[in-house]
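Chain by chain, the residues:
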Amino acid sequence: MTRLIFLGPPGAGKGTQAKVLSQSSHIPHISTGDILRSAVVQQTELGKQAQAYMEQGELVPDELMRSMVKERLTQSDTAQGWILDGFPRNVAQAAFLEDFLAQVEQSCDVVINVEVPNEVLVERLLNRGRQDDTRSVVEHRLEVYAEQTAPLIDFYRDRQKLASINGNQSMETVTEELNQLLGAAVG
């Protein structure tokens, strides 16, 4: 049973690592970004509401995110574990998640913080070639991340749940370090 939260700025590679881990441990990778992008493409109610925020490089409001995550974590495929990527994004969301998990008698095993220097992130995000990734939007997203998400690092460190990993290495090296870390943390 593995329940993980991935933290890290946009472009840190947490989605890539979460996917690899999800496949090797056969537990769902729950990417709030993927869920949101899919909702925008399908023009669902959530998608329409979220699109306006995303186009500005702003975070989608907590209320929308909370209901989306709550719904996803109660689906049957999460019974054996899950990997959350992109949530929580701030301390209020983390407190909500902690309460919600207590209600459903679950807890998070470890919070993995993927660290990458800002100048590397800007280059990675611009090279990804997404329409909405202009330099100013990318830099704004990193500022928003630093302001809103950085306090989460202390939140989870205070709860002895935090483990940091250097994301500025080859994908294979990061995966290897992640597996070693999880072997120690979960095993």
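Quantities reported herein were computed from a predicted structural model and do not represent experimental measurements.

## Things to note about the packing of helix α2 (residues 32-41) against helix α3 (residues 45-55)
Thought 1: The geometry of α2 relative to α3 is characterised by a closest axis approach of 8 Å and an angle of 110° between their N-to-C directions. Our classification of the angle between α2 and α3 gives roughly perpendicular. Once α2 is placed against α3, the crossing between them reads as left-handed. Residues Leu 36, Arg 37, Ala 39 and Val 40 of α2 form the contact with α3, whose own contacting residues are Leu 46, Gly 47, Ala 50, Gln 51 and Met 54.

## Let's talk about the pairing of strand β1 (residues 2-7)
Thought 1: Of all the six residues making up β1, six are buried; the element is thus mostly covered by neighbouring parts of the structure.
Thought 2: Side chains Thr 2, Leu 4 and Phe 6 of β1 all project onto a buried face; the interleaved residues Arg 3, Ile 5 and Leu 7 project onto the opposite face, where all are buried too.
Thought 3: Note: β1 against strand β3 (residues 81-85), five bridges, orientation parallel. Residue pairing in the sheet places Thr 2 in a bridge with Gly 81 of β3.
Thought 4: Pairing analysis gives four bridges linking β1 to strand β4 (residues 110-115), with the strands arranged parallel. Counted as the bridge partner of Ile 5 is Val 111 from β4.

## Focus: the side chain of Thr 78
Thought 1: Along the chain, Thr 78 falls in the loop between α4 (62-73) and β3.
Thought 2: For Thr 78, a relative accessible area of 2% puts it in the buried group.
Thought 3: In this structure Thr 78 touches Pro 28, Ile 30, Arg 72 and Leu 73, once residues within four positions along its chain are discounted.

## With respect to helix α5 (residues 91-103)
The α-helix advances 3.6 residues per turn, and as a result positions three or four apart in sequence lie on the same side.
Thought 1: Across its 13 residues, α5 extends 18 Å between first and last C-alpha, which sits within 8% of the 18 Å expected from 1.5 Å per residue.
Thought 2: All of the buried residues along α5 are Gln 93, Ala 94, Phe 96, Leu 97, Phe 100 and Leu 101. Along the long axis of α5, the arc covered by the buried residues comes to 160°, so they all point the same way. Within α5, the exposed residues directed more than 90 degrees away from the buried face are Ala 102 and Gln 103.
Thought 3: Those residues of α5 that are buried are in contact with β1, α4, β3 and α7 (135-158).
Thought 4: Put simply, Asn 90 is the residue that caps the front of α5, since its side-chain oxygen is 3.2 Å from the backbone nitrogen of Ala 92.

Cut-offs used in this document
Residues numbered from 1 in each chain as written. Predicted model: local features only at pLDDT ≥ 70, side-chain atom pairs only at ≥ 80, totals over all residues. Heavy atoms only, no water. Axes fitted to C-alpha atoms, helices over the stretch in contact; angles between N-to-C directions. Helix = DSSP H or I, 4+ residues; strand = E, 2+ residues; numbered from the N terminus. Parallel < 35°, antiparallel > 145°, perpendicular 65-115°, else oblique. Left-handed = near helix turned anticlockwise from the far one by under 90°. Contact = heavy atoms within 4.5 Å. Buried < 20%, exposed > 50% of the residue type's maximum accessible area, 1.4 Å probe, protein only. Pairing = 2+ DSSP bridges. Expected span 1.5 Å × (residues − 1). Arc of directions from axis to C-beta. Polar contact = N/O pair within 3.5 Å; in protein donor to acceptor, adjacent residues only side chain to side chain.

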